[in-house]
Amino acid sequence: MDTHPHALFSKSDTATEEPPVKTEPIALGDRRYLSPDGLASTLRVSLRTIARWHDARVGPPRIKVGNTVLYDLERLNLWLEQNETKATSSTAKPPRNHRQASKVTRNGS
């Protein structure tokens, strides 16, 4: 029976598995923190975006202890509030076509 030597091993036997990503908050004392993976998951952005924000100094404040980076959830909430945008009349979308615009003015709305 001719079998190829690699056929004896399944992918799961030969591939190294990555450790699970920690996305749940980490409790230290009375504070809760997110890892960079947890922050990216929470904000639905990539890790690269988190890194770009840090490099541009526009991202949420972070704490670094050795090689460990953490984001304080309380400070993250403040950062989100400070970066919240409010719609203004100049940023509102104009009507799609002239018919919609004339309906708005004719109806008084």
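The structure we're discussing is the one just above.
First, a word on what this report is: a plain description of the structure on this page. (Residues numbered from 1 in each chain as written. Predicted model: local features only at pLDDT ≥ 70, side-chain atom pairs only at ≥ 80, totals over all residues. Heavy atoms only, no water.)

### Quick notes on the packing of helix H2 (residues 36-43) against helix H3 (residues 47-56)
What counts, and what does not: In this analysis, axes come from line fits to C-alpha atoms, helices being fitted only over the stretch in contact, and the angle between any two N-to-C directions falls in the range 0 to 180 degrees. Under the DSSP-based scheme used, a helix requires at least four consecutive residues in state H or I and a strand at least two consecutive residues in state E, with every element numbered from the N terminus. Angular relationships are summarised with four words: roughly parallel below 35 degrees, roughly antiparallel beyond 145, roughly perpendicular across 65 to 115, and oblique for the angles in between. The contact criterion used throughout is that any non-hydrogen atoms of two residues lie within 4.5 Å. Amino acid classes used here: Ala, Val, Leu, Ile, Met, Phe, Trp, Tyr, Cys and Pro are nonpolar; Asp, Glu, Lys and Arg are charged; the rest, including Gly, are polar.
Interaxial distance between H2 and H3 falls to 9 Å at its minimum, and their mutual angle equals 105 degrees. The pairing of H2 with H3 is recorded here as roughly perpendicular in orientation. Counting all contacts with H2, which are made through Pro36, Asp37, Leu39, Ala40 and Leu43, the residues of H3 involved are Leu47, Ile50 and Trp53. Residue classes in the contact of H2 with H3 are distributed as seven nonpolar, no polar and one charged.

### Quick look at the environment of Asp72
In plain terms, the rule: Within 3.5 Å is the distance limit for a polar contact, defined as a pair of N or O atoms, with the added protein rule that one can donate a hydrogen and the other accept it, and that residues adjacent in sequence qualify only through two side-chain atoms.
Considering the arrangement of structural elements, one finds Asp72 in strand S4 (residues 68-72). In this structure the side chain of Asp72 is engaged in a polar contact, spanning 2.4 Å, whose partner is the side chain of Arg31. A distance of 2.9 Å separates a polar side-chain atom of Asp72 from the backbone nitrogen of Glu74.

### A short note on the nonpolar core
Our working definition: Side-chain atoms within 4.5 Å are what join buried Ala, Val, Leu, Ile, Met, Phe, Trp, Tyr and Cys residues into a set we call a nonpolar core. Per-residue accessibility, obtained with a 1.4 Å probe over protein chains only, is compared with the maximum for each type, and a residue is labelled buried under 20%, exposed over 50%, and partly exposed between these values.
Leu34, Leu39, Ala40, Ile50, Val69, Tyr71, Leu73, Leu76 and Trp79 form the largest nonpolar core, which has nine residues in total. If you list the elements that add at least two residues to this core, you get H2, S4 and helix H4 (73-82). Take this core: its biggest share by element is three residues, from H4.

### Observations concerning the side chain of Asp72
Under the relative-accessibility criterion, Asp72 is labelled buried at 6%. When near neighbours in sequence (up to four residues on either side) are disregarded, Asp72 contacts Arg31, Arg32 and Tyr33.

### A short note on the pattern of salt bridges
As a reminder of what qualifies: Any carboxyl oxygen of Asp or Glu that lies within 4 Å of a side-chain nitrogen of Lys or Arg is treated as forming a salt bridge with it.
Scanning the entire structure with this criterion turns up two salt bridges. In this structure, the salt-bridge partner of Asp72 is Arg31, at a minimum N-O distance of 2.4 Å. Residue Asp72 is found in strand S4, and its partner Arg31 is found in strand S2 (residues 31-34); the two are separated by 41 residues along the sequence. When the shortest N-O distance is used, the salt bridge between Glu84 and Lys86 registers 3.7 Å. Taken as a pair, Glu84 and Lys86 share a single burial class, namely exposed.

### Some words on unusual backbone geometry
With phi around 55 degrees, Arg44 is a residue other than glycine that occupies positive phi space. Tracing the sequence through the fold places Arg44 in the loop between H2 and H3. One non-glycine residue, Arg57, adopts positive backbone phi at about 55 degrees. Within the element layout of this structure, Arg57 appears in the loop between H3 and strand S3 (63-65).

### Structural notes on the sheet that holds S3
Under the convention used in this document: A pair of strands is considered paired only if DSSP assigns at least 2 bridges between the two.
In space, the four strands of this open sheet follow the order S1-S2-S4-S3, with antiparallel pairing throughout. Among the strands making up the open sheet, the edge pair consists of strand S1 (26-28) and S3. Along the sheet, successive strands turn relative to each other by an average axial angle of 40 degrees, direction set aside. Relative to S4, S2 runs antiparallel, the two being bridged by two bridges. In the strand pairing of S4, Leu34 is matched with Tyr71. H4 rests against S2 and S4 of the sheet, and its axis sits at about 70 degrees to S2.

Nothing here speaks to function; it is geometry throughout.
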